[in-house]
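Letter by letter, the chains look like this.
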Amino acid sequence: MKTISPSILAADMLNLGEEIKKIELSGAKYVHIDVMDGIFVPNISYGMPIVTAVRKATELVLDVHLMITQPERYIEQFIQCGADIITFHVESTTHDEILKSIDIIHKRGKKVGLSIKPNTEVDTILPYINLIDQVLVMTVEPGFGGQSFIFDTMKKVSKIKDIIISKDYSIDIEVDGGVNSNTLLVAQESGANIFVLGTAFFKCDNPCEFTNLLK
Ligand code: DX5
Ligand code: ZN
């Protein structure tokens, strides 16, 4: 399965309903919702009320990206708000809490992703890779939209892809940050199948241009 996952961080918040319709028209199967706490990342975005509102506005998969410390504190609440996939950072909590959170999310019938920052090695997620549904490889330093794609992270995408193929796992690889019509093709070549698009998506004239690139 391949899909784009437009990030509403770059959307016009005053017209969020219209922006979600644009996501639906684009052929995207996912909506990416970036939650930031100002501690794990040096920015604050939004939380449960926005997830609740987006849930009411669309049937698309809510792909919630938690850039918060100790995400275990809020996982249940984001599930109740309507999150379908909860991705949190391997750098944001302990080994025991990661295992517990994976278990809780699955017990509630939702999908779980683990995310690694650009400077975090692939090895840090290997203990969990057979337990999760998605790996989110950050292609920018998390915290802000509109940054430039870090091409060096593609080595990590390829390494994860090789592991998934060699072990016959069915895990999605999502890339996030600085993705546009050029870097999407590079990430797809490297093995990614889910593409978060913030700035590039909401400033483009033809929202379908990105879905048309998926092969
Ligand atoms: C950054 C977020 C990304 C960001 C993507 O911390 O996780 O999802 O919103 O925005 P662009 O596509 O503009 O880099
Ligand atoms: Zn994100």
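The model shown is predicted, which means the values in this text are computed figures rather than measured ones.

Chemist: Help me understand the side chain of Asn193, please; the structure alone is not making it clear to me.
Modeler: Relative to the elements of secondary structure, Asn193 occurs in the loop between helix H6 (181-190) and strand E8 (194-197). From its side chain, Asn193 meets the backbone nitrogen of Ile173 in a polar contact 2.7 Å long. With near-sequence residues (within four places) excluded, Asn193 lies in contact with Met1, Lys2, Thr3, Asp172 and Ile173.

Chemist: Just to check I follow, could you spell out the pattern of salt bridges for this structure?
Modeler: Where side chains of opposite charge bring their charged atoms close, a pairing between them can arise. Counted under the stated rule, the structure contains eight salt bridges. Here Lys155 ties to Asp152 by a salt bridge, and the two come within 2.5 Å at their closest N and O atoms. For Asp152, a relative accessible area of 51% translates into the label exposed.

Chemist: Would you mind going over the nonpolar core with me for this structure?
Modeler: Nonpolar side chains in soluble globular proteins tend to end up buried together. Of all hydrophobic cores here, the largest spans 61 residues; its most connected members are Ile4, Ile8, Ile33, Val54, Leu66, Ile160 and Phe195. It is helix H5 (residues 154-167) that contributes the most residues to this core, five residues altogether. With near-sequence residues (within four places) excluded, Ile8 lies in contact with Met13, Leu16, Ile23, Val31, His32, Ile33, Tyr46, Ile50, Val54 and Phe202.

Chemist: Help me understand the site of ligand 1 in this model?
Modeler: Near ligand 1, the surroundings consist of 20 residues, among which Asp34, Gly143, Asp176, Gly198 and Thr199 are the closest. At a separation of 3.2 Å, an oxygen atom of ligand 1 approaches a polar side-chain atom of Ser7. In the complex, the protein chains occlude 99% of the 380 Å² of accessible area that ligand 1 would expose alone. Mapped onto the shell around ligand 1, the elements with two or more residues apiece are strand E2 (30-36), strand E3 (61-67) and E8. The biggest single contributor to the shell around ligand 1 is E2, with three residues.

Chemist: Would you take a moment to explain the packing of H5 against H6 for this structure?
Modeler: In a pair of packed helices, the angle between the axes and the distance between the axes together describe the arrangement. For the pair H5 and H6, the least separation of the axes is 8 Å and the interaxial angle reads 35 degrees. Contacts between H5 and H6 involve Met154, Val157, Ser158 and Lys161 from the first element and Val186, Ala187 and Ser190 from the second. Looking at side-chain class alone, the contact of H5 with H6 contains four nonpolar, two polar and one charged residues.

Chemist: What should I look at first to understand the coordination of the zinc ion (ligand 2) in this one?
Modeler: For a metal with four donors in a tetrahedral arrangement, the ideal angle between donors is 109.5 degrees, while six donors in an octahedron ideally sit at 90 or 180 degrees. Within the protein, the atoms that donate to the zinc ion (ligand 2) are His32 (NE2), Asp34 (OD), His65 (ND1) and Asp176 (OD), at distances of 2.0 to 2.2 Å. Each of the six donor atoms bound to the zinc ion (ligand 2) contributes to angles spanning 70 to 175 degrees, and the resulting shape is octahedral.

Chemist: Explain the environment of Ile116 here, please?
Modeler: Note that Ile116 resides in strand E5 (residues 111-116). Apart from the residues lying within four places of it in its own chain, the contact partners of Ile116 are His89, Val90, Glu91, Glu121, Val122, Thr124, Ile125, Leu136, Val137, Met138, Lys156 and Ile160.

Chemist: Sorry if this is basic, but what is going on with the sheet that holds E5 here?
Modeler: Pairing between the strands of a sheet is mediated by backbone hydrogen bonds and can be parallel or antiparallel. Pairing is parallel across the open sheet formed by eight strands, whose spatial order is E1-E8-E7-E6-E5-E4-E3-E2. Two strands in the sheet have a free side with no partner beyond their single neighbour: strand E1 (3-6) and E2. Adjacent strand axes in the sheet meet at a mean angle of 25 degrees when their direction is disregarded. Pairing of E1 with E8 involves four bridges; the strand directions are parallel. Bridge pairing in E8 places Ile4 opposite Phe195. The sheet strands contacting H5 are E5, strand E6 (134-138) and strand E7 (172-176), and the helix crosses E7 at an angle near 170 degrees.

The rules behind each value
- Residues numbered from 1 in each chain as written.
- Chains lettered and ligands numbered in written order.
- Predicted model: local features only at pLDDT ≥ 70, side-chain atom pairs only at ≥ 80, totals over all residues.
- Heavy atoms only, no water.
- Helix = DSSP H or I, 4+ residues; strand = E, 2+ residues; numbered from the N terminus.
- Polar contact = N/O pair within 3.5 Å; in protein donor to acceptor, adjacent residues only side chain to side chain.
- Contact = heavy atoms within 4.5 Å.
- Salt bridge = Lys/Arg side-chain N within 4 Å of Asp/Glu carboxyl O.
- Buried < 20%, exposed > 50% of the residue type's maximum accessible area, 1.4 Å probe, protein only.
- Core = buried A, V, L, I, M, F, W, Y, C linked by side-chain atoms within 4.5 Å.
- Near = heavy atom within 4 Å.
- Areas by Shrake-Rupley, 256 points an atom, 1.4 Å probe, with all protein chains shown as cover.
- Axes fitted to C-alpha atoms, helices over the stretch in contact; angles between N-to-C directions.
- Nonpolar A, V, L, I, M, F, W, Y, C, P; charged D, E, K, R; others polar.
- Donors = N, O, S within 2.8 Å, 3.2 Å for Na, K, Ca; no water.
- Tetrahedral: all angles 85-135°; square planar, octahedral: opposite > 155°, others 65-115°.
- Pairing = 2+ DSSP bridges.

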